Amino acid sequence: MVDRLVVHRFRGIKEGVLEDLGKINVLVGPNNSGKTAILELLYLGGVSGRPAQLILEDVPFNENKIEPVIKAAVPMRHDFLGVEPMPRLRKRHGHKGRWEKNPAVLTPEGGIAVNLEGLVRNSAFRSFKLVPFQEEWGEKESQNFLQEDIVEIASLSINEEHNIPKILIPSLFEKWGVLSEQSCWNYLWDPIWVYRWEQQEFIDHFAIWAEEGMRPDAKHVLFFDFHNANDHFEERFAQWAKNHIINWEDKISERMKNVFPTLEGAYIRVDNAPEEINGETGYIQFPKRVRLPVDLFGDGMRHSFKVLASLCALGDLVDDEHIGLFLWEDPELFMHPDALKRLLKEIIDLVRDKPIQVFLSTQSIETIMLLTHSLMESFPEMQSELRIFRMKIENGQLFAAKYKYENVLAWLKQGRDLRSWKKLNMPYTYRFILPKDYSEEETK
Amino acid sequence: MKIFPFGEGSTDKIVFELLMEYLNENEHLNEEEFDEFYPVDGIYKFAKEIKDTVEGDVKSNADDICILVFCDLDKGREHQDILNQFKDIMRGLLPGWNGNPIKHTEYNNIYLFKQIPSEEMRGLRIVLHLANISGLGLPEKIEASNNTTDGYVLALGLEDGVLGRFASKDVRTTSDVLHGLITECLPNCFSAANIEFEQDKDFLAAYFCVTRFWVKHRTEQKRNLTEIIFERSKKYDKDKLKTIFSSWIEAIKKAGEPIQ
């Protein structure tokens, strides 16, 4: 699992650190506090699994003691759900999916040459090449880059710190210290993601972040947001899941019944979307009745179906060597609290015995309370895995107040709202009810 | 700065909220900085509740943090016992902190524990208010008993401006009569029956009784009595409220001051 995250100039975050990450992490905080940014950088770093050689061209190697070739990786062409990672994120922020101004060209050898003209001459990253990995580094045959990669690749990852030239390490990272073992360094050069790109020079032209700990398998990164809830599954994902996940649809049916008891007696199948729309969706079939697309039901049911189907598939795929990462934005989306309570319980049940690290971002106190309640009532063994981070950004500095289970419980019990840094003056209050037999160890 | 107020019981919460209201009406106070008041239900629970509540904010290094605590002082309990408890709380939040409590120059029942902010670290302060009901005009036997928030409420309730209003409006007698019933007659009856009657809580119960509070207001909520005592004091004898609760007010104001 990722234990620690150090961020340098990613979107609104000039610098920041998230420490002591758990298996279940919840990001809360005001708007523009960096919650989605953290999900996005975890996603981009997580899917970075296509091996490549990084060759820095403008650096006098001997003088800087730099290896001429650095082992690196770039994002996969498709993420777990079959979506193109960078285009997906660019579209979320109102840009074209494809970055047509990427200063990169395809080389005759099937590599990518990037020339960042805005950077000063002699800077380490002014121009570099990404070359498909050599066979001796892996088992599979070499994969040349294609023209479409030029507009979809704007980031790379380096897995071992000792390979990273000093001049590529922002001073921030020295300040915070990043462990050399099991750390992954990510570099992103598309200006829309870089904090105040236009005002910077040299290394600050990059958004850079380091992840400490065991990274997820790039194929096992599930980022679920509003768009996933609304869109049909990509055909490539649905077909793959039906062919490879044993009893996938039955598993989805069971989970859905637990969330929506009215589905008792029904079963769910995944099939082509109606009216020849691209993609596949779920169909609910009661005996002797016409099957109906899940999309015709309420939005909450559609959301639940999509997220449960995705996570059921991910859960079957992971193992200790290939861990999963589940990023979920706004679990409360479209959900009635009663169904949300059951959905969260199913989600925890799905990940509790699996090597899947979870990051949720939410604006909902109900989500926080129901998640805590679920851990209290049904999954006490998971309580120590909970971390809630209340975040804020001030002058680019990311602050995060971390709450473990006992902290969360204290806040909820006391009627405090841990989503806000200041007392919220709202025309309502909430009360978290502890079970009658609940007892706390007193500190005497 | 973010301020986390704690107390021992529900009366502390009621009084704190009424005083905050009073201070907002009369003095400049940044109410937004004060989080919800939480009664921990017993002095031994301060350590766990405070740690569980504030450690995330302290470690985030995002804001200066102040912890405001209203603590009762039971008969026979020394200041030092409680101060040691709060030193441990400071150390629990800031490992390596080795400061000492600073006694308020004017109020000997207010103590400050602090870590002054630096470039690397935000400030942390505990403002500890120990209840002290001596000098509030209460009968000696009450003063000799426990020091709790009820004593302050009782002292305010026994002031002429407040008790006189109960006497004339609700009971149709004089404040002297009610005062005698609360502080002499009822306690003596209990003593004569060998029933202990010496804590401020006992006297506050007598206050409920003789002001015919339950009859007139048809409620058993203690909050209503405290609210009415405050309302009447504000209306008829504002200075007394300020005098009797002066140390509380000072503790709240101290909590709102920058840490330096």
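Notes on the structure follow.

Rules of the game
Residue indices begin from 1 for each chain and proceed along its sequence in written order. Following the order in which they are written, the chains are lettered starting with A and the ligands numbered starting with 1. Thresholds applied to this predicted model are a pLDDT of at least 70 for local features of residues and 80 or more for the giving and counting of side-chain atom pairs; totals over whole chains, interfaces and linings are not thresholded and use all residues. Here the side-chain values reflect all heavy atoms present in the structure, with hydrogen atoms and water set aside. Put simply, DSSP marks the helices as runs of H or I at least four residues long and the strands as runs of E at least two long, and each gets a number from the N terminus on. When we talk radius of gyration, it's over C-alpha atoms, and the globule rule is simply 2.2 Å times the number of residues to the 0.38. Per-residue accessibility, obtained with a 1.4 Å probe over protein chains only, is compared with the maximum for each type, and a residue is labelled buried under 20%, exposed over 50%, and partly exposed between these values. It only takes one pair of heavy atoms within 4.5 Å for two residues to be counted as in contact. Exposure was quantified through the Shrake-Rupley algorithm and a 1.4 Å probe, taking into account, for residues, occlusion by the shown protein chains and nothing else. A residue counts as positive if it is Lys or Arg and as negative if it is Asp or Glu; His and the chain ends are not included. To locate a charge, take NZ of a lysine, CZ of an arginine, CG of an aspartate or CD of a glutamate. In this description, buried area is defined as the sum, over both parts, of the accessible area (probe of 1.4 Å) that is lost when the two are combined. Here, a salt bridge means any Lys or Arg side-chain nitrogen found within 4 Å of an Asp or Glu carboxyl oxygen. A 3.5 Å cut-off defines polar contacts: any pair of N or O atoms within that distance qualifies, except that in protein one atom must be a possible hydrogen donor and the other a possible acceptor, and neighbouring residues in sequence count only when both atoms are side-chain atoms.

### Remarks on the overall build of chain B
Broken down by element type, chain B carries 12 helices and 6 strands. A compact globule built from 260 residues would reach a C-alpha radius of gyration of about 18 Å, and chain B, at 20 Å, matches this within 12%. Across its three principal directions, the C-alpha atoms of chain B cover 65 × 40 × 30 Å. Counting all 260 residues of chain B, 53% fall into the buried class. Contacts spanning at least 24 positions in sequence make up 70% of the contacts within chain B whose residues lie at least 6 apart. Surface exposure of chain B reaches about 11500 Å², of which carbon and sulfur atoms provide 45%. Charged side chains of chain B number 32 positive and 45 negative; the gap between the two group centres comes to 3 Å.

### Observations regarding the interface of chain A and chain B
Taken together, the 25 residues of chain A in the interface contact 26 residues of chain B. Taking both partners together, chain A and chain B bury about 2300 Å²; carbon and sulfur atoms supply 47% of that area. It is Arg416(A), Lys422(A) and Lys423(A) in chain A that bury the most area against chain B; as a group they hold 29% of the surface buried on that side. At the boundary of chain A with chain B, the tally comes to 5 salt bridges. A salt bridge links Asp57(B) to Arg390(A); the nearest nitrogen and oxygen atoms lie 2.9 Å apart. At the boundary of chain A with chain B, the tally comes to 14 residue pairs in polar contact (both at pLDDT 80 or more). Secondary structure elements with two or more residues in the side of chain A that touches chain B: strand E18 (386–394), strand E19 (397–404) and helix H12 (405–413) of chain A.

### So, the pattern of salt bridges
As enumerated under the stated definition, the model contains 49 salt bridges over all chains in all. Note that Arg4(A) and Glu212(A) form a salt bridge whose closest N and O atoms lie 2.9 Å from each other. Of this pair, Arg4(A) sits in strand E1 (residues 2–10) while Glu212(A) sits in strand E11 (residues 207–213), and the two are 208 residues apart along the sequence. Given a relative accessible area of 11%, Arg4(A) falls into the buried group. Measuring nitrogen to oxygen at the nearest pair gives 2.8 Å for the salt bridge that ties Lys48(B) to Asp52(B). Separated by 4 residues within a single helix, Lys48(B) and Asp52(B) lie in helix H2 (residues 46–60), roughly one turn from each other. Through salt bridges with shared partners, a single network forms among Arg11(A), Glu40(A), Asp79(A), Arg88(A), Arg92(A), Asp225(A) and Glu329(A).

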